Amino acid sequence: MKFKLIFFIFNAIVVFSFLFISLLPVFMLGWDSAAPFWQQSWYLLILFLLILGGLDWYFISNWKFFTLLEKQNWDAVQAYLESRLFDHSRIGEQGLQILINIYVRKLDADKLISLAEILKEKKPTQFRRQRLNLGVGYLLKDDYAGLADFYSDIADRSELSDGGWADWFWAFASLKGGRQDDGLSRLRLIADQGKDEALMVLTFYMLSTIMDDESGASEHARGFIDRFQKKHTPASWTSLIEKRQEQVYLRSLSAVLQQAGEALLKKSVAEQQPIAAPQAEPESDQEFDPGGEQHAEGSDHD
């Protein structure tokens, strides 16, 4: 009901605004003065109708999707989005984000991995944009060999991919798979080139738990940890993590990020416990919102 009300109010406001602006010259100057202007500017009416028609077509063509979102019927939303993707090979970025969130919330690793394979084959652009989120499927299954293979294309690169997060996941999977030299080599590359603070916290913490030197055997690491300790308190670090929950891959790492940040905030990190495997967010009593704060504005349409 809320969506329908918004739709009709939107149309009413747009039409009223156009009529007000259109008739304003008549009210101020009279018809004799306003008529020549509109005789020469008739195309503005056509342009307005085209814009309004385009916006209305967008809403009407996605009416069912928006209605399901409003009702928060997530099983129906999942079925609708799967139909759009599998039967018609059409799904927009926000619809894809919602579908990924639903799979993760349900801990449905197989469907998430299958989705990644389909997108890689049929929609490579969307696959590249969502690769970090899609890779969470392997974390849900504790399939570190699969995770390493998923990011294997970055193994021989000398520059970071996906802001360094693809490299971190590949390094983590390599370490879990017993390939310590490969994992450490990639972590050192992240330490040298990485920019993302959360990524650097995980990287230096992992190095500190593996290397004998408490700071990761690096002046660069010691400098980062010193700046991190001056900048953050446990509360501010927790707040920063909470602000970055929109992306699935970061939400899956929230517990690990909390652990790593708290460890680096201490004077010595050498004796901290080794980093735990990332986990999917636990079930909670909070209202399920797979699309995050922006889902009501999104569409499954390309």
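Here the structure is shown first, and the text comes after it.
Residues numbered from 1 in each chain as written. Predicted model: local features only at pLDDT ≥ 70, side-chain atom pairs only at ≥ 80, totals over all residues. Heavy atoms only, no water.

Chemist: What's the story with the overall build of the protein in this structure? I'm lost.
Modeler: A count of helical and extended segments in the protein gives 17 helices and 0 strands. A burial count over the protein gives 45% of its 302 residues as buried. By sequence separation, contacts in the protein at least 24 residues apart represent 65% of the contacts at least 6 residues apart. (Helix = DSSP H or I, 4+ residues; strand = E, 2+ residues; numbered from the N terminus. Buried < 20%, exposed > 50% of the residue type's maximum accessible area, 1.4 Å probe, protein only. Contact = heavy atoms within 4.5 Å.)

Chemist: In this structure, what is going on with the packing of aromatic side chains? I would like to understand it.
Modeler: What characterises a pair of aromatic rings is the spacing of the ring centres plus the angle enclosed by the ring planes. In this structure the tally under the stated criterion is 17 aromatic pairs. Ring centres 5.4 Å apart and planes at 80° place the aromatic pair W168 and F169 in the edge-to-face group. The residues W168 and F169 share a single accessibility class, namely buried. (Phe/Tyr/Trp six-rings, centres within 6.5 Å; stacked < 30°, edge-to-face > 60°.)

Chemist: Even after reading the chapter, I still don't get the nonpolar core, so can you show me in this structure?
Modeler: Inside soluble globular proteins, nonpolar side chains tend to come together where they are buried. Counting 72 residues, the largest nonpolar core has V77, L115, L134, Y151, W165, W168 and F169 as the members making the most contacts within it. With 9 residues, helix α13 (residues 197-210) is the single largest residue contributor to this core. Setting aside residues up to four positions removed in sequence, V77 forms contacts with F65, L68, L69, I98 and I102. (Core = buried A, V, L, I, M, F, W, Y, C linked by side-chain atoms within 4.5 Å.)

Chemist: Teacher, can you tell me more about the side chain of R131 here?
Modeler: Assignment of secondary structure puts R131 in helix α8 (residues 124-134). Those residues in contact with R131, other than ones at most four positions away along the chain, are F150, Y151, D153, I154, S161, D162 and A166.

Chemist: What am I meant to see in helix α6 (residues 93-105) here?
Modeler: Residues that lie three or four places apart on an α-helix share one face, since the helix turns once every 3.6 residues. Under the 1.5 Å per step criterion, the end-to-end length of α6 is 18 Å for 13 residues, consistent within 8% with the ideal 18 Å. The buried fraction of α6 is high, at 12 of 13 residues. Buried within α6 we find Q94, G95, L96, Q97, I98, L99, I100, N101, I102, Y103, V104 and R105. At its buried positions, α6 is contacted by α4 (63-71), α5 (74-87), α7 (109-122), α8, α9 (136-140) and α16 (248-252). Positive phi appears at L107, one or two residues downstream of α6, with a value of about 55°. (Expected span 1.5 Å × (residues − 1).)

Chemist: Would you take a moment to explain unusual backbone geometry for this structure?
Modeler: Apart from glycine, the bulk of residues carry a negative phi angle, and the bulk of peptide bonds sit in the trans form. In this model, D142 sits at a positive phi of 55°, which is unusual for a non-glycine residue. The topology assignment puts D142 in the loop between α9 and α10 (144-150). A positive phi angle, near 50°, is found at D162, a position not held by glycine. Along the chain, D162 falls in the loop between α10 and α11 (165-176).

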